[in-house]
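# Working through the structure, step by step
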Amino acid sequence: MKIAMFAEGSYPYVAGGVSGWIQMLTEELKEKDFVIYTLVPTREDGGKFKYQLPSNVCEIRESYLNGTEYVEKKKKVRLKDKEKESLWSLLLGENIDWRGVFRFFDETEYSVNDLLMSKDFMELTRQLYIEKYPNCVFTDFLWSIRSLYLPLFRVLMIPIEDADCFHAISTGYAGIMACKAKYLYNKPLILTEHGIYTREREEEIIKADWTQGIYKNLWINYFYMLSQCIYNEADFVISLFQTARQIQTEIGCPKEKTRVISNGVFAKEMEKLPAREEDGKINIGAILRIVPIKDVKTMINAYRMAKEEIPSLCLYLMGPTDENEKYYKECLDLVKGFQISDVIFTGRINVKDYLGKMDIIMLTSISEGQPLCLLEAMAAGKPCIATDVGGCKELLYGGEQDYFGRSGIIIPTMNVDKAAEAMILLAQNKTMRQKMGKSGKARVSEFYRNEEVVRKYRNLYDLLA
């Protein structure tokens, strides 16, 4: 059985998270063959694999979202009336003729630049401008629309081969590629959302300074439009936890398509970790990439406050530091500027070498799906502190049918005081740490085993093949 997977900005370039999930699933489903279509921003971002590919990953097909610069037209564009109607529905974002869009980009001989710089596309944009945005400066509006649709048109022109099943690992551009594949070959389509892509893009755009005013709404609506396409086309839409499933239905996914398949860990692998030696220290560990979305600065500041009260604290920041060197330097400068002692940046590690030596695991992310680092910590019997994002509360506090008790403390995002309070509370209370650790270990054993994840996806693939 051949499965085509579609990923954006993750596998095999980024360690952990979604990438780790793809690596695990492909390794365990040895009887399936996988082709990975992967999207990265530019050619310079490609080719830097962080994983040894399993033997059944037959090929990585790399494409780039923003690799084309605007150039003068090389081929004169003359759109047929039906093609104009399909593109107009796309620009308008209403009753979109996706089949017509897919057909056009599959058959077209125009380049992305030919199309975006053409008179016909400019006239369609002018029509949109007159109907919806007449108060803007037209030249600004035209270039904004060209920038908006450049990556989508590039994605729509990527050639895709037949497979027995198509599996998108997010909505957005990867989802659109998967929808085009289904249109071309009429084969089953699965979507697995580790986070809610549209909500994540919306948060980024609201905070961004590269776009302002109505253009923020244009970008936000654009990503919702892309997600709605795969919600409509997918045979099954998988989320990792119930809250995510509810959000999917709220933003337009038919409820009957939705399923929950949680992340998991191989719990037995966490039973043979190096033992914790008593040394009078309280080790707080964070398994994470040193990037802004993990909000490492809040953790460092909270640790600084907590350490003033409990000098025996140590903070281990365990994970790659090379994905955003500017942010990593800012974190180093923060530690140096406040003269905070016992902060260790380990760089990329084998988690199993360190996890057993930790007393508390902490996560201060401002956005997450269902973090693997918390599952690993719980499987190892470690109490956790995590922000109230994604599925963290469900992991640490349990769901409706859960009776194990709390396995950690949930705190608000970007709240230094609450983060420090949680550190101090757990550091001062060994009995609480032990009780929470036992609860987490039991919860993982009952609800979050990778063996179940693999079994469910194997059954799903076999059902659709």
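In this text, all values refer to a predicted model and were calculated from it rather than measured experimentally.

## With respect to the overall build of the chain
Along its length, the chain carries 18 helices and 13 strands. Taking contacts inside the chain between residues at least 6 apart in sequence as the whole, the part at least 24 apart equals 74%. Across the chain, the mean location of the 62 positive side-chain charges is 1 Å away from that of the 65 negative side-chain charges.

## Things to note about the sheet that holds strand β5 (residues 189–193)
Strand order in the open sheet made by the seven strands is β3-β2-β1-β4-β5-β6-β7, with parallel pairing throughout. Every other strand in the sheet has two partners, leaving β3 (57–64) and β7 (258–260) as the edge strands with one partner each. Each strand of the sheet is rotated relative to its neighbour by a mean of 20°, with strand direction disregarded. The pairing of strand β4 (residues 165–168) with β5 spans three bridges and is parallel.

## Observations regarding the sheet that holds strand β9 (residues 313–318)
In spatial order, the strands read β10-β9-β8-β11-β12-β13; together these six strands make up an open sheet with parallel pairing. With partners counted over all chains shown, the strands left at the sheet margins are β10 (343–347) and β13 (408–411), one partner each. Along the sheet, successive strands turn relative to each other by an average axial angle of 20°, direction set aside. As defined by bridge partners, strand β11 (residues 360–363) adjoins strand β12 (residues 384–387) across three bridges and the pair is classed as parallel. Note on β12: the bridge partner recorded for Leu 363 is Ala 386. Packed on one face of the sheet, helix α11 (residues 296–309) meets β8 (282–287), β9, β10 and β11 and runs near 165° to β9.

## Thoughts on unusual backbone geometry
Omega for the peptide link from Tyr 11 to Pro 12 comes to -5°, which places this bond in the cis form. If you trace the backbone, Pro 12 turns up in the loop between β1 (2–8) and α1 (17–28). In this structure, Asp 295 takes a positive phi of about 50° despite not being glycine. Of note, Asp 295 is situated in the loop between β8 and α11. On the basis of relative accessible area, Asp 295 is assigned to the buried category, the value being 9%. One non-glycine residue, Gln 339, adopts positive backbone phi at about 55°. Tracing the backbone through its elements, the reader meets Gln 339 in the loop between α12 (325–337) and β10. Residue classification places Gln 339 among the exposed residues on the basis of a relative accessible area of 72%.

## With respect to the packing of aromatic side chains
Considering all chains together, one arrives at 30 aromatic pairs under this definition. Measuring from centroid to centroid gives 5.2 Å for Tyr 133 and Phe 141, while their planes differ by 35°, and the two rings are tilted. Exposure remark for Phe 141: the relative accessible area of 0% places this residue in the buried category. Judged by centre distance (5.4 Å) and plane angle (85°), the rings of Tyr 149 and Tyr 222 are edge-to-face. Here Tyr 149 is found in helix α6 (residues 138–156), whereas its partner Tyr 222 is found in helix α9 (residues 214–233), with 73 residues between them in sequence. Take Tyr 149: its relative accessible area is 3%, and that puts it in the buried class. On the basis of relative accessible area, Tyr 222 is assigned to the buried category, the value being 3%. By way of ring pairs, the aromatic residues Phe 104, Phe 105, Phe 121, Tyr 149, Phe 153, Tyr 173, Tyr 197, Trp 210, Trp 219, Tyr 222 and Phe 223 are connected into one cluster.

## Some points on the pairing of β11
Of the two faces of β11, the one holding Ile 360 and Met 362 and the one holding Ile 361 and Leu 363 are both buried throughout. In terms of handedness, the path from β11 via helix α14 (residues 372–379) over to β12 forms a crossover that is right-handed.

## Comments concerning the environment of Tyr 215
Along the polypeptide, Tyr 215 turns up in helix α9. When the C-alpha positions of Tyr 215 and Phe 141 are compared, they lie 8.4 Å apart, and in sequence the two are 74 residues distant. A distance of 3.4 Å separates the side chain of Tyr 215 from the backbone nitrogen of Phe 141, its partner in a polar contact.

## Concerning the packing of helix α16 (residues 416–428) against helix α17 (residues 430–447)
Two elements in contact, α16 and α17, have axes whose closest approach is 5 Å; the angle formed by their N-to-C orientations is 95°. In terms of axis orientation, α16 runs roughly perpendicular to α17. Contact with α16, carried on its side by Leu 425, Leu 426, Ala 427 and Gln 428, involves Lys 430, Met 432, Arg 433 and Met 436 of α17 and no other residues of that element. The residue inventory of the contact of α16 with α17, partitioned by class, reads five nonpolar, one polar and two charged.

## Quick word on the pattern of salt bridges
What the rule picks out here adds up to 28 salt bridges. Between Arg 61 and Glu 59 there is a salt bridge, and its shortest N-O distance comes to 3.1 Å. The class of Glu 59 is partly exposed, set by a relative accessible area of 34%. Among the ionic pairs, Glu 452 bridges to Arg 455, the shortest N-O distance being 2.8 Å.

Rules behind the numbers
- Residues numbered from 1 in each chain as written.
- Predicted model: local features only at pLDDT ≥ 70, side-chain atom pairs only at ≥ 80, totals over all residues.
- Heavy atoms only, no water.
- Helix = DSSP H or I, 4+ residues; strand = E, 2+ residues; numbered from the N terminus.
- Contact = heavy atoms within 4.5 Å.
- Lys, Arg positive; Asp, Glu negative; His and termini not counted.
- Charge placed at Lys NZ, Arg CZ, Asp CG, Glu CD.
- Pairing = 2+ DSSP bridges.
- Axes fitted to C-alpha atoms, helices over the stretch in contact; angles between N-to-C directions.
- Buried < 20%, exposed > 50% of the residue type's maximum accessible area, 1.4 Å probe, protein only.
- Phe/Tyr/Trp six-rings, centres within 6.5 Å; stacked < 30°, edge-to-face > 60°.
- Right-handed = clockwise from strand over helix to strand, strands pointing away.
- Polar contact = N/O pair within 3.5 Å; in protein donor to acceptor, adjacent residues only side chain to side chain.
- Parallel < 35°, antiparallel > 145°, perpendicular 65-115°, else oblique.
- Nonpolar A, V, L, I, M, F, W, Y, C, P; charged D, E, K, R; others polar.
- Salt bridge = Lys/Arg side-chain N within 4 Å of Asp/Glu carboxyl O.

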